[in-house]
Amino acid sequence: MKKEFHAGNRARLYDMMKPNSLLVLFSGREKRKPNDESYPFSPSRNFIYLTGLDSKEFILLAMKDDHEVKEEVFILPAAFLAERWTGTRLKEAEVRELSGIETIQEIAAFAGRFHRLALSGNYSHLYLDLYKAAPGDEDTPAFDFSRKAAAEYPQLRQKDACAMIKKLRLIKQPCEIAAMREAEKITKAGIEAMMKASRPGMYEYQYKAEFDHALGQFGPQGPAFPSIISAGKNNFCIHYYSYTGQAHDGDMILNDVGGYYDNVMTDVSRGWPCNGRYSERQKLLYSCAYATSNHMFEIVKPGMKMADVDKTIRSYNAERLKDAGVLADVKDIGTYMWHGGAHHVGYDVHDVVEAPESIAPGIVFCIDVGIYHEEWGIGFRLEDNCLVTEDGCENLSRDIPREISQIEDFMKK
Ligand SMILES: [Mn+2]
């Protein structure tokens, strides 16, 4: 992303802040594995959305007076020995070029700088990103800072910046959509590699190796999130990460994977028979999911209630399964559909955005139709990425084989 994208995101965030307020955002810190090295560092997604800076221990500070906003970024200093061991740190000129932020200071200066601002009498509110995916999740640096600020600067009323950033992230800008199109090409290469290699006897970890190898040709970043790749009965575990199972003749392969491009992610699922030919029962169930998915891409358009997307996926698919003679009563659809059918995707795979009441252009969400028939041993999902346009929607992942004969033909070649 260009710096103008990040600068624009910040400007829109600053507009939402109250006058006489401060904003402090942290990029995050590394997390140590139980003994030795650290997990790969992943910056706060909000931080990278707003700054483009992929580095641990950076801080963005913004000061809003009546109207004017000043911003500063605090970075890790150049450190010859640390950089010899773990790689170069972003330097001032790069930070300016990536983020568009002109005022740069070393991280050690932050505490003093904030102290003076807090005591200046000019500020009454402090915005922090106090997001947690689930209660009990580990505290981020923002939570530590929140406690410290509450104790030392009780005159600053704290507010959650994440609620505002979620509003910004809901509508995707043209450069994000362009990045997602690139990420779809990478995802396609990965899924097609698995389809091509597929054969009875193959282990799930070998499918994963095909996916990872294909993605590795596009850059060092790899999959956007831990890939779900499973065979046969393991498809009944919705978030399966063991990769130890073996595909037996007649089994279906399920994948739920994503690629990355310029920080934007995809989230795509396909289901195919490991031997390259759908059985009659697999065809029957897959055709229901396929018809439901296609129906959704026909009807989604601006103005539709977001809640109706999920409801319609469920009810339409229930009708298809009933027509196919699989389901006696549509009320029992829960027997075969185990999870929701729509979630936003973008800077996160389950994108952290403000849930909209109605659909608007620029929103991107997954249309995910999962069918799990335990008695028949058939489970899969068909998940695509739906971009809402001015007058309808577009399936961004449509080029990844998704129709029965198309998948069979592709696997034959
Ligand atoms: Mn998914």
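Residues numbered from 1 in each chain as written. Predicted model: local features only at pLDDT ≥ 70, side-chain atom pairs only at ≥ 80, totals over all residues.

Asks: Quick one: what's the story with the overall build of the chain, residue by residue and with numbers?
Replies: Each helix and strand in the chain was counted, giving 12 helices and 14 strands. The globule rule puts the C-alpha radius of gyration for 413 residues at 22 Å, and the 24 Å found for the chain is close to it. Along the first, second and third principal axes, the C-alpha atoms of the chain reach 75 × 50 × 35 Å. Here the chain holds 413 residues, and 39% of them are scored as buried. Across the chain, every contact between residues at least 6 apart in sequence was considered, and the portion connecting residues at least 24 apart equals 69%. (Helix = DSSP H or I, 4+ residues; strand = E, 2+ residues; numbered from the N terminus. Rg over C-alpha atoms; globule rule 2.2 N^0.38 Å. Buried ≥ 20, exposed ≤ 12 C-beta atoms within 10 Å, placed from the backbone. Contact = placed C-beta atoms within 7 Å.)

Asks: For the sheet that holds strand 1 (residues 21-26), give the residues involved together with the corresponding values.
Replies: Whenever strands of a sheet pair, they do so through backbone hydrogen bonds, lying parallel or antiparallel. Reading across the sheet, the six strands line up as 4-3-2-1-5-6 and stay open at both edges, with mixed pairing between neighbours. Each edge of the sheet is formed by a strand with only one pairing partner; in this case those strands are strand 4 (103-106) and strand 6 (157-160). Strand-to-strand twist of the sheet, defined as the mean angle between neighbouring strand axes without regard to direction, takes the value 25 degrees. As paired strands, strand 5 (residues 125-128) and strand 6 are joined by four bridges and run parallel to one another. Within the sheet, the bridge partner assigned to Y127 lies in strand 6 and is K159. (Pairing = 2+ DSSP bridges. Axes fitted to C-alpha atoms, helices over the stretch in contact; angles between N-to-C directions.)

Asks: Could you give an account of helix 1 (residues 3-16), naming the residues involved and the relevant values?
Replies: Residues that lie three or four places apart on an α-helix share one face, since the helix turns once every 3.6 residues. Relative to the 20 Å expected for 14 residues at 1.5 Å per residue, helix 1 spans 20 Å between its end C-alpha atoms, a close match to the ideal helical length. What helix 1 keeps buried is the set H6, N9, R10, L13 and Y14. Buried residues of helix 1, seen end-on, are gathered within an arc of 135 degrees and therefore sit on one face of the element. Counted as exposed and oriented over 90 degrees from the buried face of helix 1: E4, A11 and D15. Of the surrounding elements, those touching the buried residues of helix 1 are helix 2 (45-51), strand 2 (59-64), strand 3 (69-75), helix 4 (92-99) and helix 7 (162-170). (Expected span 1.5 Å × (residues − 1). Arc of directions from axis to C-beta.)

Asks: Account for the environment of G259, naming residues and giving values.
Replies: Its location among the elements puts G259 in the loop between strand 8 (252-257) and strand 9 (260-261). The exposure class of G259 is buried, given the 30 C-beta atoms found within 10 Å. A sequence separation of 70 residues divides G259 from A189, and the C-alpha atoms of the two residues are 9.7 Å apart. Sequence-distant contacts of G259, that is, excluding residues within four places in its chain, are made with A183, I186, T187, G190, L215, P223, A224 and T266.

Asks: I'd like a rundown of the nonpolar core, residues and numbers included.
Replies: Counting residues in each nonpolar core, the largest one holds 63 residues, and the members touching the most others are A183, I253, I371 and C386. Looking at this core, the element that brings in the most residues is helix 8 (residues 174-197), giving seven residues. Contact partners of I371, with chain neighbours within four places excluded, come to L285, C288, A289, Y336, M337 and F380. Core analysis: the next-biggest nonpolar cluster, separate from the first, contains 35 residues, Y14, F26, L126 and I165 among them. (Core = buried A, V, L, I, M, F, W, Y, C linked by C-beta atoms within 7 Å.)

Asks: Describe the environment of A183, listing the residues and the values that go with them.
Replies: By the secondary structure assignment, A183 is in helix 8. Considering only alpha carbons, one finds A183 and Y261, 78 residues apart in sequence, at a separation of 4.8 Å. Apart from residues no more than four positions distant in its own chain, A183 is found in contact with G259, Y260, Y261, V264, M265 and T266.

Asks: Summarise the packing of helix 10 (residues 280-299) against helix 11 (residues 306-323); cite the residues concerned and give the values.
Replies: Contact geometry of helix 10 with helix 11 gives a least axis separation of 9 Å together with a crossing angle of 140 degrees. For the element pair helix 10 / helix 11, the angle class is oblique. Remark: the crossing between helix 10 and helix 11 carries right-handed chirality. For the pair formed by helix 10 and helix 11, the contact residues are C288, A289, A291, T292, H295 and M296 on the first element and T312, I313, Y316, N317, R320 and L321 on the second. In the contact of helix 10 with helix 11, the residues fall into seven nonpolar, four polar and one charged. (Parallel < 35°, antiparallel > 145°, perpendicular 65-115°, else oblique. Left-handed = near helix turned anticlockwise from the far one by under 90°. Nonpolar A, V, L, I, M, F, W, Y, C, P; charged D, E, K, R; others polar.)

Asks: Go over the domain arrangement of the chain with me, naming the residues and quoting the values.
Replies: When cut into domains, the chain gives domain 1 (3-169) and domain 2 (171-411). The C-alpha centroid of domain 2 is placed 35 Å from the C-alpha centroid of domain 1. Counting only elements with at least two residues in the side of domain 1 that touches domain 2, the list comes to helix 2 and helix 7. For the side of domain 1 that touches domain 2, the per-class residue count stands at four nonpolar, no polar and four charged. (Domains from an automatic or database assignment.)

Asks: Lay out helix 9 (residues 204-216) with the relevant residues and their values.
Replies: Its 13 residues give helix 9 an end-to-end C-alpha distance of 18 Å, which sits within 8% of 18 Å, the value for a rise of 1.5 Å per residue. Where helix 9 is buried, its residues touch helix 8, strand 7 (228-231) and strand 8.

Asks: Explain the packing of helix 8 against helix 9 residue by residue, including any values.
Replies: Closest axis-to-axis distance for the helix 8/helix 9 pair is 8 Å, and the angle between their directions is 145 degrees. For the pair helix 8 and helix 9, the crossing hand works out as right-handed. The segment helix 8 lies against helix 9, with I186, A189, G190, A193, M194 and A197 engaging Y207, E210, F211, H213, A214 and L215. Along the lines of polarity and charge, the residues of the contact of helix 8 with helix 9 split into nine nonpolar, two polar and one charged.

Asks: Please set out the pairing of strand 5 residue by residue, giving values where relevant.
Replies: Note that strand 1 and strand 5 share four bridges and pair parallel. Across the sheet, the residue bridging to L22 is L126, located in strand 5. Assessed by its sense of winding, the connection that carries the chain from strand 5 through helix 6 (residues 141-152) to strand 6 is right-handed. (Right-handed = clockwise from strand over helix to strand, strands pointing away.)

Asks: Describe the environment of V369, and please don't skip the residues or the numbers.
Replies: Note that V369 resides in strand 12 (residues 364-373). Along the primary structure V369 and Y203 are separated by 166 residues, whereas in three dimensions their C-alpha atoms are 25 Å apart.

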